[in-house]
Protein chains: 2
Amino acid sequence: MKKKAVINDTPVCQVRMQAISDTMSILSGKWKFHILGTLIEGDKLGFMDLLREIDGIGTKMLSKELQDLEMNHLVSRKVMDTKPITVEYAITEYGATLAPLINELAKWGIAYRESVHGGE
Amino acid sequence: MKKKAVINDTPVCQVRMQAISDTMSILSGKWKFHILGTLIEGDKLGFMDLLREIDGIGTKMLSKELQDLEMNHLVSRKVMDTKPITVEYAITEYGATLAPLINELAKWGIAYRESVHGGE
DNA sequence: GGAAGTACTTTCCAAAAGGAAACTACCTTA
DNA sequence: TAAGGTAGTTTCCTTTTGGAAAGTACTTCC
């Protein structure tokens, strides 16, 4: 009889793999985690604030990624009627549920750095 | 005086953002999480096993991503001298430290599905 | 009236990512 | 000796991603 590994055939694993795909497709791209991370730290930031905070991002990407995040209800956008019109971006209650994930991401990255420079 | 949000200027945040970049660059691409997730569930899988388990992946991508993961010590590769040569891929001890992150990813994705179909 | 600040959008382009199919290579079974 | 299974590699092509720069629009300050 032929041995066949079929762990992925169980409904549990199918769901799990699908869930990972879902999450990654919502959080895809180079900047989403940075934007979310920044908005989780400091709440209510303007477009130019975010542009300054997030090192290396340009206006096109920031604008596009914010729209994506807003569409998925992770970030809120509120136009204020101030003298020069300003916009307040903030993390939503739902977006805040990503905090544990982002923390794991950061935690692992920090441990990785330490393991690379381990001997020093 | 001009109000400037400078939350990202603190060393803590710099490190945090850098850590997120590090993690995401190591785990970049469409397939890394799927491969790691599969290897965390079932240990010791052959190339063809993985090809069957991971729905949609092709040989080129699987081969390339496995090399990346091996280079970063997240996955081990052992050539067995069986009749038709086989290769055993397994998660390393270090790779297993990604389990909490992958669990968060899966957990959030499952919750997301539920929130979308919330009313039903 | 011109500079500067707000918040974007648009265009144009280069690089990276990824898929399909074919090919290599070696071994076993029928 | 042909088929089928192991484990890949290579080529060619399309799609996706993302960056730089310029443009839009409106307002306030000097």
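For the structure itself, look to the data block above.
Note that this is a predicted model, so its numbers are computed, not measured. (Residues numbered from 1 in each chain as written. Chains lettered and ligands numbered in written order. Predicted model: local features only at pLDDT ≥ 70, side-chain atom pairs only at ≥ 80, totals over all residues. Heavy atoms only, no water.)

Draft legend 1. Broad picture of the overall build of chain A. Scanning chain A from terminus to terminus reveals 5 helices and 2 strands. In sequence order, the secondary structure elements of chain A are arranged as α-α-α-α-β-β-α. Relative to its 120 residues, chain A shows a buried fraction of 41%. (Helix = DSSP H or I, 4+ residues; strand = E, 2+ residues; numbered from the N terminus. Buried < 20%, exposed > 50% of the residue type's maximum accessible area, 1.4 Å probe, protein only.)

Draft legend 2. How the structure looks around the protein's contact with DNA strand D. In the vicinity of DNA strand D lie 20 residues, with Lys30 and Lys60 of chain A together with Ser63, Arg77 and Tyr89 of chain B positioned nearest. Each atom of DNA strand D within 4 Å of the protein was assigned to sugar, phosphate or base; sugar and phosphate come to 73%. Within the side chain of Trp31 of chain A, one N or O atom sits 3.2 Å away from a phosphate oxygen of DNA strand D. Put simply, the parts of the chain that give the surface near DNA strand D at least two residues each are α4 (59-71) of chain A together with α3 (47-53), α4 (59-71) and β2 (86-91) of chain B. In terms of residue count, the dominant contributor to the surface near DNA strand D is α4 of chain B (4 residues). Its residues assigned to classes, the surface near DNA strand D shows 8 nonpolar, 6 polar and 6 charged. (Near = heavy atom within 4 Å. Polar contact = N/O pair within 3.5 Å; in protein donor to acceptor, adjacent residues only side chain to side chain. Nonpolar A, V, L, I, M, F, W, Y, C, P; charged D, E, K, R; others polar.)

Draft legend 3. Main features of the interface of chain B and chain A. Listed per partner, the contact involves 45 residues of chain B and 45 residues of chain A. It is Arg16, Glu53 and Trp108 of chain B that lose the most area in chain B upon contact with chain A, and together they represent 17% of the buried surface on that side. One salt bridge in this structure joins Arg113 of chain B and Asp22 of chain A, with 2.6 Å as the shortest N-O distance. Contributions of two or more residues to the side of chain B that touches chain A are made by α1 (11-26), α2 (32-41), α3 and α5 (99-116) of chain B. In terms of residues, the side of chain B that touches chain A owes the most to one element, α5 of chain B, which gives 13 residues. Residue classes in the side of chain B that touches chain A are distributed as 24 nonpolar, 13 polar and 8 charged. (Contact = heavy atoms within 4.5 Å. Buried area = accessible area lost by both parts, 1.4 Å probe. Salt bridge = Lys/Arg side-chain N within 4 Å of Asp/Glu carboxyl O.)

Draft legend 4. Local environment of the pairing of strand β1 (residues 75-80) of chain A. Residue and element names in this part refer to chain A. The pairing of β1 with strand β2 (residues 86-91) spans 6 bridges and is classified as antiparallel. Opposite Val75, over in β2, you have Ile91 as the bridge partner. Taking the residues between adjacent antiparallel strands as the criterion, β1 and β2 are bridged by 5 residues. (Pairing = 2+ DSSP bridges.)

Draft legend 5. Structural view of the relation of the copies chain B and chain A. Of the transformation placing chain B onto chain A, the axial shift is 0.0 Å and the rotation is 180°, giving an RMSD of 0.1 Å. In the structure described here, the two chain copies are related by an operation that fits a two-fold rotation axis. For chain B, the smallest separation between a C-alpha atom and the rotation axis is recorded for Leu101 of chain B, amounting to 3.3 Å. Comparing contact sets, 100% of the residues at the interface of chain B also lie at the interface in chain A, consistent with an isologous, same-surface contact. (Least-squares fit on C-alpha atoms with pLDDT ≥ 70 in both.)

Draft legend 6. Local environment of the packing of helix α2 (residues 32-41) of chain A against helix α5 (residues 99-116) of chain A. All names here are of chain A. Where α2 contacts α5, the two axes come as close as 11 Å, and the packing angle between them is 110°. Considering the angle they form, α2 stands roughly perpendicular to α5. When the axes of α2 and α5 are compared, the crossing they make is left-handed. Contacts between α2 and α5 pair Phe33, Leu36, Gly37 and Ile40 from the former with Ala99, Ile102 and Leu105 from the latter. (Axes fitted to C-alpha atoms, helices over the stretch in contact; angles between N-to-C directions. Parallel < 35°, antiparallel > 145°, perpendicular 65-115°, else oblique. Left-handed = near helix turned anticlockwise from the far one by under 90°.)

Draft legend 7. The arrangement of the packing of aromatic side chains in detail. Throughout the structure, instances matching the rule amount to 4 aromatic pairs over all chains. A centroid spacing of 5.7 Å and a plane angle of 20° characterise the contact between Trp108 of chain A and Tyr112 of chain A, whose relative ring orientation is stacked. Note that Trp108 of chain A and Tyr112 of chain A are positioned in helix α5 at a spacing of 4 residues, about one turn of the helix. Each member of the pair, Trp108 of chain A together with Tyr112 of chain A, is buried. Ring pairs connect the aromatic residues Tyr94 of chain A together with Trp108 and Tyr112 of chain B, which therefore count as one cluster. (Phe/Tyr/Trp six-rings, centres within 6.5 Å; stacked < 30°, edge-to-face > 60°.)

Limitation: the analysis is restricted to geometry and does not speak to function.
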